[in-house]
2 protein chains.
Amino acid sequence: MRFIIQRDRLVHSVQEVMKAVTSRTTIPILTGIKITVTSEGVTLTGSDSDISIQSFIPAEVDGDEIVEVKNSGGIVLNARFFSEIVKKLPMDTVEIEVENNFQTIIRSGKAEFNLNGLDPEEYPHLPIIEEENIFKLPTDLLKTLIRQTGFAVSTSETRPILTGVNLKVQDDELTCIATDSHRLAMRTAKIENKINGTYSVVIPGKSLSELSKILDDTNELIEIVITENQVLFKAENLLFFSRLLEGNYPDTSRLIPSDSKTDVTVHTKDFLQAIDRASLLAREGRNNVVKLTTLEGRIIEVSSNTPEIGKVIEEVQAEAIEGEDLKISFSAKFVMDALKALEGTDIKINFTGAMRPFVIRPLHDDSMLQLILPVRTY
Amino acid sequence: MRFIIQRDRLVHSVQEVMKAVTSRTTIPILTGIKITVTSEGVTLTGSDSDISIQSFIPAEVDGDEIVEVKNSGGIVLNARFFSEIVKKLPMDTVEIEVENNFQTIIRSGKAEFNLNGLDPEEYPHLPIIEEENIFKLPTDLLKTLIRQTGFAVSTSETRPILTGVNLKVQDDELTCIATDSHRLAMRTAKIENKINGTYSVVIPGKSLSELSKILDDTNELIEIVITENQVLFKAENLLFFSRLLEGNYPDTSRLIPSDSKTDVTVHTKDFLQAIDRASLLAREGRNNVVKLTTLEGRIIEVSSNTPEIGKVIEEVQAEAIEGEDLKISFSAKFVMDALKALEGTDIKINFTGAMRPFVIRPLHDDSMLQLILPVRTY
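The structure displayed is predicted, hence computed values, not measured ones. (Residues numbered from 1 in each chain as written. Chains lettered and ligands numbered in written order. Predicted model: local features only at pLDDT ≥ 70, side-chain atom pairs only at ≥ 80, totals over all residues. Heavy atoms only, no water.)

### Here's the deal with unusual backbone geometry
Peptide bonds are mostly trans, and most non-glycine residues show a negative phi. For S49(B), which is not glycine, the phi dihedral falls at a positive 75°. Inspection of the secondary structure assignment puts S49(B) in the loop between strand 3 (41-47) and strand 4 (51-58). (Helix = DSSP H or I, 4+ residues; strand = E, 2+ residues; numbered from the N terminus.)

Structure, rendered in structure tokens:
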């Protein structure tokens, strides 16, 4: 194997596949990046067995030569050393050559590295995915869906299924749901093609957050392929595989109240900042809890009190308050997470009493909702 | 006590004095910031008993009212809560009012905080410094001196005196020296005034790094006042006190070799980057050690080798190599720290054999030097 490659393209692809590589693996070869060279170009692979990422660097793009392939072949190089080396090489091009015993030479300008490589045949094979159930949506929309739901997954392993995002597809509609049983985030979106049948899978929250980091903010379509135990995301020159979580995701539809007793419409930023300030003095107290009280004149009072430190009270002018008077306590963090995830300048909150979950939605948009369980203090 | 103040000025001063406040203090009142109000303006004080910082906000600057003083007085408020609160207040002005029992109200817009304060009389007094031995230099020059020497202080408490920077003043010359006994950094500079007598004190490295963070990059003069056990830095509206380290700083002048056997002149950046690359494969080995060998044709070979990972070799074109051939090993980190601290595009290195300390200086500037002990491998 021997090739000369533009350094910035190599650095970019190495950083993509590094997202899947962990030093805490029980399979030594997975601390490496697999490099495969053909006349078509260079393929890099990184994996921690949960996530596998494959990044392809074509030999030629729009008539520009990116890779000059001298000999095809493959090698596995220690990911941490290889990624640091390519970042710091002196010139714009790099030559990589594999000699006997997987000894690999990396040359750039007058710098020459000699790394001990591993046999690429020993590297685990990526899952083979039959491309039957493909659906497509714009990449930036997928990133938005992940941002709006992924934060609500459980971080506790007591119910492993809740550490994932439930992804459901029916006809031309995709729904993402995440809950840690104290709050729930849901978002629906149209996909670009209609599919046959219904799919419901649970993708680890960590996989989606890593995927989100390497996807560009582009409206180019990304393809999603679902199989029994794997999901594959296909973008240009990039394959992202993740295992699925096993088990049934709870039916969350019955958690969302259909009626409401108090409806509040308020400017998102005003409400968010008031809760943020109230949370400053709630931090040391009972789980970051702030209180909300509706007052005359469309006023929401947000307050918190930690006797050993002090208290804070603030009035927020709502645009509308309809229905019963309300006193309710909730986790400031959960409500701030929810408000940050929603789009739009105004939100509507539907309360069904101080003891029941409440729902936050953008004012004129039913495609997303955030549900939060209150804290019992009254 | 009651006053109304421009929020951004308050935030700026709070952040300055926060540099001295630590939550790990055995004196509870030092977790607070002391606020004192007179008709002149507002003074904030923070201290961890090693460092004390006082920031003054004048009531009026160039005819603009910064503070509207309603009643003078003082209070001590929890530094962490107070600093987070003022950062997040909604309006451009803040009203602060102390009521009975040190209860303090912080108002901005419709947000009202009520913090439990402490008696300002309980706050320790700052050192009283007789302003006899004052010397002055530009603030940005002082920051440069700290940057060029402070990194070389010892982080080990086995010889506490070496955790400080030795500051010597004689006539109109200031010298800063730091050493951890494996390397030494020295820089001299002219001060703006001539002083009587000679001073040599040792200032904790941590104090200088905190000072450096809050000083502006300005050529306005800063005043330095030395007493027996304290040093005071006086900038506009800012007082920075630090305790001095007790004990005698070692005489370092005899450590610096006056002769040399091999002299190398090289482009700083080329040399620094080659060492940086060589250090990538030295990290897991013997204390980050790289090797330097002089070759024919004004070439320096930089290399390192960690058999279980790989090796690296790079040739750097020097501008001049004079004297004996040389093979020497040294800590890549120490040499990189030294090169980053020096100014100028070219450096001169004077070696006195593979076992003796070597000295790095900018090519045409004797006001600064970096001395490094080699590592014995040959």
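Resuming the write-up.
### Some words on the side chain of S304(A)
All names here are of chain A. Along the chain, the position of S304 falls in strand 22 (residues 299-306). A residue is classified by how much of its surface remains accessible, and S304, at 6% relative accessible area, is buried. If sequence neighbours within four positions are ignored, S304 has contacts with A278, L281, A282, V289, V290, K311 and V312. (Buried < 20%, exposed > 50% of the residue type's maximum accessible area, 1.4 Å probe, protein only. Contact = heavy atoms within 4.5 Å.)

### Things to note about the UniProt feature "domain: DNA polymerase III beta sliding clamp N-terminal" (unreviewed entry) in chain A
Per the UniProt annotation, the sites labelled "domain: DNA polymerase III beta sliding clamp N-terminal" (unreviewed entry) are residues 1-127 of chain A. Across residues 1-127 of chain A one finds 17% helix and 47% strand; the C-alpha atoms that close the span lie 25 Å apart. (UniProt positions renumbered as here; feature names shortened; annotations may be inferred.)

### Considering the pairing of strand 14 (residues 173-179) of chain A
All names here are of chain A. Among the seven residues of strand 14, six are classified as buried, and the element is accordingly described as predominantly covered. By the bridge criterion, five bridges tie strand 13 (residues 164-170) to strand 14 in an arrangement that is antiparallel. Counted as the bridge partner of V169 is L174 from strand 14. Judged from the seven bridges that link them, strand 14 and strand 15 (residues 183-190) form a sheet pairing that is antiparallel. Note that in strand 15 the partner of A178 across the bridge is A185. From the end of strand 14 to the start of strand 15, which pair antiparallel, there are three residues, and S181 there has a positive phi angle of about 75°. (Pairing = 2+ DSSP bridges.)

### A look at the pairing of strand 27 (residues 358-362) of chain B
Residue and element names in this part refer to chain B. For strand 27, the buried fraction is high: five of the five residues fall into the buried class. Burial along strand 27 is two-sided: the residues F358, I360 and P362 and V359 and R361 are all buried. Pairing geometry for strand 26 (residues 346-351) and strand 27, over four bridges, is antiparallel. The residue bridging I349 from the neighbouring strand is I360, located in strand 27. Between strand 26 and the antiparallel strand that follows it, strand 27, lie six residues; G353 among them carries a positive phi value of about 95°. Pairing analysis gives three bridges linking strand 27 to strand 28 (residues 368-372), with the strands arranged antiparallel. Following the sheet pairing, V359 is matched in strand 28 by L371. Between strand 27 and strand 28, which pair antiparallel in sequence order, lie five residues.

### Concerning the nonpolar core
L10(A), I35(A), F82(A), F233(A), F271(B), I275(B) and I360(B) are the most contacted members of the largest nonpolar core, which has 103 residues in total. When neighbours within four sequence positions are excluded, F233(A) is seen to be in contact with L142(A), I203(A), L208(A), L211(A), I222(A), E223(A), I224(A), L238(A), L239(A) and F240(A). Counting 102 residues, the second-largest nonpolar core is a separate cluster that includes L292(A), V37(B), I66(B) and F113(B). (Core = buried A, V, L, I, M, F, W, Y, C linked by side-chain atoms within 4.5 Å.)

### Observations concerning the sheet that holds strand 14 of chain A
Residue and element names in this part refer to chain A. The nine strands are arranged 16-13-14-15-28-27-26-20-24 in an open sheet whose pairing can be described as antiparallel. Each having just a single partner strand, strand 16 (198-204) and strand 24 (320-323) make up the two edges of the open sheet. Looking at each pair of strands side by side, their axes are set apart by 15° on average, direction ignored. With respect to the sheet, helix 5 (residues 268-280) is in contact with strand 20 (262-267) and strand 26 (346-351), its orientation differing from that of strand 20 by roughly 95°. (Axes fitted to C-alpha atoms, helices over the stretch in contact; angles between N-to-C directions.)

### Points about the environment of S154(A)
Residues and elements named next belong to chain A. Note on placement: S154 falls in the loop between helix 3 (139-149) and strand 13. The class of S154 is buried, set by a relative accessible area of 11%. Sequence spacing of S154 and E210 is 56 residues, and the spatial spacing of their C-alpha atoms is 16 Å. In this structure, S154 is in contact with L162, T163, T179 and D180, ignoring residues within four places of it in sequence. At a separation of 3.0 Å, a polar atom in the side chain of S154 contacts the main-chain amide nitrogen of S156. (Polar contact = N/O pair within 3.5 Å; in protein donor to acceptor, adjacent residues only side chain to side chain.)

### Brief notes about the interface of chain A and chain B
Every contact between the two is made by 30 residues of chain A and, on the other side, 30 residues of chain B. Between chain A and chain B, a total of about 2,900 Å² is buried, with carbon and sulfur atoms accounting for 54% of that surface. At the boundary of chain A with chain B, the tally comes to two salt bridges. Between D276(B) and K88(A) there is a salt bridge, with the nearest N and O atoms lying 2.9 Å from each other. For the pair chain A and chain B, the interface holds 15 residue pairs in polar contact (both at pLDDT 80 or more). Secondary structure elements with two or more residues in the side of chain A that touches chain B: helix 2 (79-88), strand 11 (111-116), helix 5 and strand 23 (310-317) of chain A. Pairing geometry for strand 11 of chain A and strand 23 (residues 310-317) of chain B, over five bridges, is antiparallel. When the sheet's bridge partners are listed, A111(A) is paired in strand 23 of chain B with E314(B). (Buried area = accessible area lost by both parts, 1.4 Å probe. Salt bridge = Lys/Arg side-chain N within 4 Å of Asp/Glu carboxyl O.)

### Some words on the pattern of salt bridges
Under the definition given, this model contains 35 salt bridges over all chains. A salt bridge links K213(A) to E210(A), with the shortest nitrogen-to-oxygen separation between them at 3.2 Å. One end of the pair is K213(A) and the other is E210(A), both in helix 4 (residues 205-214) and three residues apart, which spans about a single turn. Residue class for E210(A) comes out buried when judged on its relative accessible area of 11%. Residue R107(B) is joined to E112(B) by a salt bridge in which the shortest nitrogen-to-oxygen separation is 3.3 Å. Taken together, the shared-partner salt bridges in this structure form one network comprising R2(A), E95(A), E97(A), R107(A) and E112(A).

### What to know about the sheet that holds strand 8 (residues 73-78) of chain A
All names here are of chain A. The antiparallel open sheet is built from eight strands, whose spatial order is 8-2-3-4-19-18-17-12. The open sheet has two free edges, formed respectively by strand 8 and strand 12 (134-138), since each of these has just one partner strand. Averaged over all pairs of adjacent strands, the angle between their axes in this sheet comes to 20°, without regard to strand direction. As paired elements, strand 17 (residues 221-226) and strand 18 (residues 230-235) share four bridges and run antiparallel to each other. Across the sheet, residue V225 finds its bridge partner in strand 18, namely L232. Sitting on the sheet, helix 2 is in contact with strand 2 (32-38) and strand 8, with an inclination near 95° to strand 8.

### Focus: the relation of the copies chain A and chain B
Rotating chain A by 180° about the axis while translating it 0.0 Å along that axis superimposes it on chain B, leaving an RMSD of 0.0 Å. As the rotation angle and translation indicate, the two copies are arranged about a two-fold axis. When C-alpha distances to the rotation axis are compared across chain A, the minimum falls at K213(A), with a value of 16 Å. A shared interface surface links the copies, since 100% of the contact residues of chain A are contact residues in chain B too. (Least-squares fit on C-alpha atoms with pLDDT ≥ 70 in both.)

### Here's the deal with helix 3 of chain A
Along helix 3 of chain A, nine of the eleven residues are buried, which leaves the element largely enclosed by surrounding structure. Buried residues of helix 3 of chain A: T139(A), L141(A), L142(A), K143(A), T144(A), L145(A), I146(A), Q148(A) and T149(A), and no others.

### Points about a negative patch on the surface
Taken together, the side chains of E60(A), D62(A), D64(A) and E65(A) define an acidic patch exposed on the protein surface. On the secondary structure map, E60(A) appears in strand 5 (residues 60-61). (Patch = residues over 30% accessible without salt bridge, like charges linked within 9 Å, V, L, I, M, F, W, Y side chains within 5 Å. Areas by Shrake-Rupley, 256 points an atom, 1.4 Å probe, with all protein chains shown as cover. Lys, Arg positive; Asp, Glu negative; His and termini not counted. Charge placed at Lys NZ, Arg CZ, Asp CG, Glu CD.)

### A closer look at the packing of helix 5 (residues 268-280) of chain B against helix 6 (residues 332-341) of chain B
Residues and elements named next belong to chain B. The N-to-C vectors of helix 5 and helix 6 enclose an angle of 155°; their axes lie 10 Å apart at closest approach. Taken together, the axes of helix 5 and helix 6 lie roughly antiparallel to each other. The interaxial crossing formed by helix 5 with helix 6 has left-handed handedness. For the pair helix 5 and helix 6, the contacting residues are T268, F271, L272, I275, D276 and S279 in the first and A332, V335, M336, L339 and K340 in the second. Residue composition of the contact of helix 5 with helix 6, by class: seven nonpolar, two polar and two charged. (Parallel < 35°, antiparallel > 145°, perpendicular 65-115°, else oblique. Left-handed = near helix turned anticlockwise from the far one by under 90°. Nonpolar A, V, L, I, M, F, W, Y, C, P; charged D, E, K, R; others polar.)

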